[in-house]
Amino acid sequence: MQYQTSKEYILPFVEDFLPKRKPLRILEIGCAEAGVLKAFTELGHHCVGIELSPHRVKLAKKFLSEELEKEQIRFIAEDIFNIEPDKEFEELFDLVILKDVIEHIHGHEQFIVELKKFIKPDGHVFFAFPPWYMPF
């Protein structure tokens, strides 16, 4: 379901905002089993998924084992507030995705400040939340 939603709705929506160069660097915060990121890896992008639950990261690694072998994706099981982007990543991200996760993150004002540290100067953030009709 995550994959289909990403492929059919998220990708077409964000493509107009993203640079045309490939591969792009994509980060998903709260990636769960990484279905959303799979749609991006299929297009050749390099992805990182951050997930608080080690169990869900284990499942994501199983589902995207080929992408892991190709070093096209990386997973981090950690609280987003414990990650220092300048130390953790060689390069910042063109797109940061938060799909159905912002409502689970505490300290929204602090989070938004911290989020800026993950994004390239010309990068974008995609927020989606789970109302009945999601207004991208």
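Let me sum up the structure you'll find in this document.

Rules and cut-offs
Counting starts from 1 at the beginning of each chain's written sequence and moves along it residue by residue. Local features in this predicted model are restricted to residues whose pLDDT is 70 or higher, and side-chain atom pairs enter the listing and the counts only when it is 80 or higher, whereas totals over whole chains, interfaces and linings include all residues. The basis for every side-chain value is the complete set of non-hydrogen atoms in the structure, without hydrogens or water. Remark: exposure states derive from per-residue accessible area (1.4 Å probe, protein chains only) relative to the maximum for the residue type, with buried under 20%, exposed over 50%, and partly exposed in between. Numbered from the N terminus, helices here are DSSP runs of H or I no shorter than four residues, and strands are runs of E no shorter than two. Pairing between two strands is assigned when DSSP locates at least 2 bridges connecting them. The handedness rule is simple: strands pointing away from the viewer, and a clockwise path from the first strand over the helix to the second, make the crossover right-handed. Pairing of aromatic rings covers Phe, Tyr and Trp, the last counted by its six-membered ring, and requires centre-to-centre distances within 6.5 Å; plane angles under 30 degrees mean stacked, over 60 mean edge-to-face, and any other angle means tilted. Helix axes use the C-alpha atoms of the stretch in contact, all axes being lines fitted to C-alpha atoms, and the angles between their N-to-C directions lie in the range 0 to 180 degrees. In what follows, salt bridge is the name for a side-chain nitrogen of Lys or Arg lying within 4 Å of a carboxyl oxygen of Asp or Glu. For our purposes a nonpolar core is just a set of buried Ala, Val, Leu, Ile, Met, Phe, Trp, Tyr and Cys residues, chained together by side-chain atoms within 4.5 Å. Working rule for contacts: check all heavy atoms of both residues, and any pair within 4.5 Å makes them a contact.

1. Details of the pairing of strand S4 (residues 93–99)
So, step 1. With 7 of 7 residues buried, S4 is to be regarded as a mostly interior element.
So, step 2. Here 3 bridges tie strand S1 (residues 25–29) to S4, and the two strands are oriented parallel to one another. Along S4, the bridge assignment pairs Glu28 with Ile97.
So, step 3. In this sheet, strand S5 (residues 119–128) lies alongside S4 in parallel orientation, the contact comprising 6 bridges. Bridging across to S5, Lys99 finds its partner in Ala128.
So, step 4. In this fold, the crossover linking S4 to S5 by way of helix H6 (residues 108–115) has right-handed handedness.

2. Regarding the packing of aromatic side chains
For any pair of aromatic rings, geometry is given as the distance between the ring centres together with the angle between the planes.
So, step 1. Here the structure, examined in full by the defined rule, presents 5 aromatic pairs.
So, step 2. The interplanar angle of 75° and the centroid separation of 6.2 Å between the aromatic rings of Phe81 and Phe111 together place this pair among those described as edge-to-face. Of this pair, Phe81 sits in the loop between strand S3 (73–77) and helix H5 (85–88) while Phe111 sits in helix H6, and the two are 30 residues apart along the sequence.
So, step 3. Its relative accessible area of 21% is what places Phe81 among the partly exposed residues.
So, step 4. Members of the aromatic cluster, each reached through a chain of ring pairs, are Phe13, Phe17 and Phe126.

3. Here we look at the sheet that holds S3
So, step 1. Strand order in the open sheet formed by 5 strands is S3-S2-S1-S4-S5, and the pairing between neighbours is parallel. Unpaired on one side and paired on the other, S3 and S5 mark the two borders of the sheet. Geometrically, the sheet is characterised by an average inter-axis angle of 15° between neighbouring strands, direction not taken into account.
So, step 2. Relative to strand S2 (residues 46–51), S1 runs parallel, the two sharing 5 bridges. Within the sheet, the bridge partner assigned to Arg25 lies in S2 and is His46.

4. Digging into the pattern of salt bridges
So, step 1. Taken as a whole, this structure holds 10 salt bridges when the rule is applied.
So, step 2. Close ionic contact of Asp94 with Lys120 constitutes a salt bridge, the shortest N to O distance being 3.2 Å. Of the two residues, Asp94 sits in strand S4 while Lys120 sits in strand S5, which places them 26 residues apart along the sequence. Across this residue pair, the class does not change: Asp94 and Lys120 are buried.

5. A look at the nonpolar core
So, step 1. Ranked by internal contacts, the top residues of the largest apolar core, which has 22 residues, are Ile26, Phe40, Phe75 and Leu95.
So, step 2. Mapped by element, the contributors of at least two residues to this core are helix H1 (2–15), helix H2 (35–41), helix H3 (54–63), S3, S4 and S5.
So, step 3. Top element by residues in this core is H2. It accounts for 4 residues.
So, step 4. If we ignore the near neighbours within four places in the chain, the residues touching Ile26 are Leu37, Phe40, His45, His46, Cys47, Val48, Phe93, Leu95 and Ile97.
So, step 5. Formed by 18 residues, the second largest nonpolar core is a distinct cluster that contains Ile80, Phe89, Val101 and Leu115.

6. Brief notes about the environment of Pro85
So, step 1. Within the fold, Pro85 resides in helix H5.
So, step 2. Residue class for Pro85 comes out buried when judged on its relative accessible area of 4%.
So, step 3. When the C-alpha atoms of Pro85 and Leu115 are compared, they prove to be 9.5 Å apart, with 30 residues separating the residues in sequence.
So, step 4. Beyond its immediate sequence surroundings of up to four residues, Pro85 is in contact with Leu92, Lys117 and Phe118.

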